[in-house]
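Structural characterization, general
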Protein chains: 2
Amino acid sequence: MRHKRNRRSSGTWSRLVLAIAALTAFAMIGAVACSSDADEEPTATSAPSGSEGQLPASALEIAAERGLTTDNITAALKTYVPTGEHDEYMLFASGGHSGQLLVYGIPSMRLLKVIGVFTPEPWQGWAVGSSETEAILDGGNLDSGKDIRWGDVHHPSLSETAGDYDGQFVFVNEKANGRVAVIDLRDFETKQIVKNPLSLSNHGATFVTPDTEWVIEGGQFAAPLAGGYAPIEEYNEKYRSVTTFWKFDRASGRILEDQSFAVETPPYWQDLCDSGKLVSEGLVFCGSFNAERATGGIEDGNPPFEAGASAGDMDFLHIFDLDKAIAAYDAGKYSVLNDFPLISIETAAAEGILHLTPEPKSPHGADVTPGGEYVVVSGKLDPHVTIYSVEKIKAAIAAGTETTDDYGLPILAFDDVVEVQVEVGLGPLHTQFDNKGYAYTSLFLDSTVARWSLGGPYESLNSDPGWSLVEAIPVHYNVGHIAAAEGDTVSPDGNYLVSLNKWALDRFAVTGPLLPQNLQLIDIEQPGTEMQLLYDSPVGIGEPHYAQIIKADKINAWEVYPEVGWNPATQSVDPNSVAVGEEGVTRDGNNVTVKTTAVRSHFTPERVNVKKGDHVTWTITNIERAFDATHGFALPGQNINLSLEPGETQTFEFEADESGVFAFYCTEFCSALHLEMAGYFLVEP
Amino acid sequence: MRHKRNRRSSGTWSRLVLAIAALTAFAMIGAVACSSDADEEPTATSAPSGSEGQLPASALEIAAERGLTTDNITAALKTYVPTGEHDEYMLFASGGHSGQLLVYGIPSMRLLKVIGVFTPEPWQGWAVGSSETEAILDGGNLDSGKDIRWGDVHHPSLSETAGDYDGQFVFVNEKANGRVAVIDLRDFETKQIVKNPLSLSNHGATFVTPDTEWVIEGGQFAAPLAGGYAPIEEYNEKYRSVTTFWKFDRASGRILEDQSFAVETPPYWQDLCDSGKLVSEGLVFCGSFNAERATGGIEDGNPPFEAGASAGDMDFLHIFDLDKAIAAYDAGKYSVLNDFPLISIETAAAEGILHLTPEPKSPHGADVTPGGEYVVVSGKLDPHVTIYSVEKIKAAIAAGTETTDDYGLPILAFDDVVEVQVEVGLGPLHTQFDNKGYAYTSLFLDSTVARWSLGGPYESLNSDPGWSLVEAIPVHYNVGHIAAAEGDTVSPDGNYLVSLNKWALDRFAVTGPLLPQNLQLIDIEQPGTEMQLLYDSPVGIGEPHYAQIIKADKINAWEVYPEVGWNPATQSVDPNSVAVGEEGVTRDGNNVTVKTTAVRSHFTPERVNVKKGDHVTWTITNIERAFDATHGFALPGQNINLSLEPGETQTFEFEADESGVFAFYCTEFCSALHLEMAGYFLVEP
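What you see is a predicted model; the values in this text were computed from it and never measured.

Right, let's talk about the domain arrangement of chain A for a bit. It is common to report an interface's size as the accessible area lost on association of the parts. Residues and elements named next belong to chain A. Taken domain by domain, chain A holds domain 1 (2–70), domain 2 (89–118 + 153–554) and domain 3 (566–684). Summarising the inter-unit geometry, the C-alpha centres of domain 2 and domain 3 are found 43 Å apart. Counting from both sides, the interface comprises six residues of domain 2 and, opposite them, five residues of domain 3. In total, about 360 Å² of surface goes out of reach between domain 2 and domain 3, with carbon and sulfur atoms giving 25% of it. Summed over the shared surface of domain 2 and domain 3, the result is zero salt bridges. Where domain 2 touches domain 3, the interface holds three residue pairs in polar contact (both at pLDDT 80 or more). Looking at the side of domain 2 that touches domain 3 residue by residue, the classes come out as no nonpolar, no polar and six charged.

Attention now moves to the sheet that holds strand E4 (residues 157–161) of chain A. Residue and element names in this part refer to chain A. A sheet is described by the order of its strands in space; here four strands give the open sequence E4-E5-E6-E7, paired in antiparallel fashion. Pairing within the sheet leaves two strands with one partner each, and these edge strands are E4 and strand E7 (189–195). This sheet shows a mean twist of 30° between the axes of neighbouring strands, independent of strand direction. Two strands pair when backbone bridges link them, and strand E5 (residues 164–174) and strand E6 (residues 179–184) are joined in this way by six bridges, in the antiparallel orientation. Each residue of the ladder has a partner; that of Phe171, found in E6, is Val182.

Let's shift gears to the relation of the copies chain B and chain A. Between chain B and chain A, which share one sequence, the superposing operator has a rotation angle of 180° and an axial displacement of 0.0 Å; the RMSD is 0.0 Å. Seen this way, the second copy is the image of the first under a two-fold rotation axis. Both copies share a contact surface, since 100% of the interface residues of chain B are interface residues in chain A too.

Our focus in this paragraph is the pairing of strand E22 (residues 428–433) of chain A. Residue and element names in this part refer to chain A. Counting buried residues in E22 gives six out of six residues, a clear majority hidden from the surface. Inspection of the sheet shows E22 paired to strand E23 (residues 438–443) by four bridges, in the antiparallel sense. Of the residues in E23, the one forming a bridge with Gln432 is Tyr440. Hairpin remark: E22 followed by E23, antiparallel, with four residues in the connecting loop; positive phi at Gly437, about 85°.

How each quantity is defined
Residues numbered from 1 in each chain as written. Chains lettered and ligands numbered in written order. Predicted model: local features only at pLDDT ≥ 70, side-chain atom pairs only at ≥ 80, totals over all residues. Heavy atoms only, no water. Domains from an automatic or database assignment. Contact = heavy atoms within 4.5 Å. Buried area = accessible area lost by both parts, 1.4 Å probe. Salt bridge = Lys/Arg side-chain N within 4 Å of Asp/Glu carboxyl O. Polar contact = N/O pair within 3.5 Å; in protein donor to acceptor, adjacent residues only side chain to side chain. Nonpolar A, V, L, I, M, F, W, Y, C, P; charged D, E, K, R; others polar. Pairing = 2+ DSSP bridges. Helix = DSSP H or I, 4+ residues; strand = E, 2+ residues; numbered from the N terminus. Axes fitted to C-alpha atoms, helices over the stretch in contact; angles between N-to-C directions. Least-squares fit on C-alpha atoms with pLDDT ≥ 70 in both. Buried < 20%, exposed > 50% of the residue type's maximum accessible area, 1.4 Å probe, protein only.

In structure tokens form, the structure reads like this:
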């Protein structure tokens, strides 16, 4: 038996604190030093290209034992990311009605982070007590003042410069309550949430213009605008939708609500949009469905929505001329509703801001080709993709039309603007692009992703004839949207595609009746070969609707906040942040101010005494400068949990309405003495 | 150009609905039929064992191009789970201060599900409006009635039968506010949350007895019990902790609060527990730290907690005799505090319920060997693991002791009860076991996991001498707890171990200053070979503290709810569930009742008219019987989002306090016509 006892020599406590800090630092250095992989690369690395090399017998035995096919082995080797190496791409996927944004690595398909957006997320300290984060979420409150603490996130849009992702921001919409959020990719945190002042819901959002000057929020369900009421029988007359153009200021990283405006649209149910680029820059294309203006009422013998909204063969593609809309806004040609500028349908028609053209039935999105020459629409009840020519659209607009819809909006003739239709299969939904002249369309009913060739200027990029279906790969199951690597920019990368499958069925071990979604990674890189399914990634939180894939090295996120005392809400040093020596508890009447610093492994002060009924304002600064030295702060008995990254400051306020003794503590396992990083908050009766 | 227009023949709407339903069904069948993998297994499968087979040149080229080492290739092949195949194990990991429970598959390390527990989770419809789920979360409200809507989940405990996981339930504790939750593994949903009536915080929770008759909730921070107040200067006299024994009823799947009790403990900070098993069944072992009873106050020149609580060389292992505690409870030898039975320290001492023995400094957990013969304690500031003999403990208790602590609890002499100490490295924290006589201990400061050999009856299981360090594998970085496959049961599986690393540092692409935790999968299967690191899995939501790994085939989760109208809160058919034909809106004064069915792709009714000021009670039943045919239900303008799995019924209530027109809709992409699965809720002014 070995049994050692060390008696600590007497000394000052400050020396002991320093010793503990040094011990922790040593541990980190030691850990990093231990991390190298000493083993050798396989002999295959030196095998001549194309020849058959050899692998250790153990690897082959494993494959045999596990029943891996040759395709499985290839897929495993293409997707495995060894420890210490990084994924090449990041996928930003909407979290659906989790209310959050999900960040995955590609090719490993590992979930790197859940970013709190519309739903409080205590691990991140997102809107769980922190004054600044609660205020950001409150920015999306309804006019009634009601706090909404969940969301239905649909479509993330990465910021762009000249039509390419620039890795600076990502925007997302919230369909259920008509909100838009701005996330800063320096710290992957939500900075702003705006509530649409006119519309309760949205869908065709968010999409950015090629230089991110505007964030587009298309509508969905028609309703009386700005919270008005009208019986459903007055649907045609009083129900409307809006498409909102939010002005974005890159320098401040904020939407400028007072420089934004909306365009009124008829009570068709608005769907997804895409911004024109290059030759189509300045145009914005938004699909719609329920041009039938069905109003439901199956219980009264009316057609149910899914039938009534699908009765016609055609819906309307909406073509906005954003430059003309901006000119009308600048010229004051708008009314003001709920303090927000609204360009009427009449003005939109008169000023050439909005044209319609028929699109095959119940489409879900409009996708612009990399060069901006075409818009691809998939009517989900039509087996074709329909390709519109921007050149023809411009010509038709210039030529003028006498045909209008019931609201006076000009309708361009379908045959005048369509370039071609390609039959791709059942239930086409969403199209993405590669760098070899191919488009990829998801097919919900077929549960496949189709690869088809573009024509026109793209025809020379591959050996397939233009505008033809090439192949389709089965996915599992019921694919909604797809995302190709930088596949909706002016320069797609053409290597990876992710299929966002809505149903998983038999793909994963059963974890109860609520199944994960299934994101499947597909290799689309090899020209002339079939697409290959690489990986199934279950999504155990929320339903991704839409995603974008960016090269990881475009993102330059901070490892620690730039300066100690940083307030992420303002992206600057907080004037109330706490430096060493400034800690303490001060009282002004019933108002108690607590100033705390956090560093491994203690909070200063460790004892905070107040009286029942006091109003407490408490600021905490994490004074660490080491990468990953995050501290949490939990205050029992209150809905307060902070996450304090290195350098970060947070403030929270509450009424000390219950007497008692409450031990606060660090919630991030920060050191060997993390459990001792605690203190007592005492509320005297 | 191909362009097809189909005019629908006239017909009844009901026929159209049926046709759409049939189309959807066809799509599913087609999808499943498409899912087979047609490619062949590699030639290696027929290679003689131990020989070197061959792989396609492309696989070797990929490995070379991606720079994969031989170890990487082996790891990729050991962890890749092909599409349609299932993971062999499930890892249940606490979600830390996300408040949730995380379920991973092993060996793929994919996140299969986030289970909503202490924090609302709208994707699952968890406590976002649903009356039943809100009521479950309200079960954990504080005595003040305050809703707490986040939590710090620490230690999941799978239910056991005869000391083996049985796959029926999992329990978790919530440290910040002293709560315990029960999750039913038939549907992976939380069924009950109880608030500790005596203690604001906990830590040594949850741990179950070998047949899950009791769920153990150990304490952490000492404080006046049941919300009382006393100044910190009266710490020794008036601050206490408790260890609570919750009676669990397997038939109802509920903790029986009125058959549960607590045992008072001195104001040492309580730490993790483990239940005895087999030869130690009936005993419960709980570590503690801060036996020094430091009370902080660095700001006043006192030692900070991390120093004050670490000043002594020894803390106290608490040894409860549960049978004697139950006997005392049955005999009424308790007081009642806040309506809860509390066995005092005096009674615990007098009845032989609680003994102490010294344990090396600042331990984090007590881990019982598979046969129950030993208890392994790691003092995190001592480089040894300390192994206590249950036989010696029983003998020492029988022999009696005159030594007591300041509170009169008997102290067993260290040398009388310790079997051996093994030096394993710096910062030992937590120990798990395999089936070959080895123990595995995490080393926080070394950032390694040590494998060491057990002695006594385990010595014959391997060729290493008993009680000796064998090897250590680097992990990345700062490992807290570890989990081996069924590694804390009476029959560990001995193949996989997961290291729950607190810091990630350079392991993943940087997603801002808040880094994910890193769960690393380690192969511990091959006897006589070194442990091998297989996979890094970032945890982008919350901080797993503790985890357990169960064979996936032990879990028999439902694919759909057993009957239509099922209420998951009661696990029975809800008397208010809605059958086809029962849908509608009824009024009784200002109380409006809405009864809705949901099926692909419509809600019935589709129009719901109420008046401002009405109180609305709305029940929705998903009448689907198809696997994965979940519908969501979002009501804009309210914090209401439901997830309705096949067969499920949910009810919500609210005041229609705002007039307007609100389009409700399905939030799960359920069919090609999912977007049309909507309706209008109209609130007349």
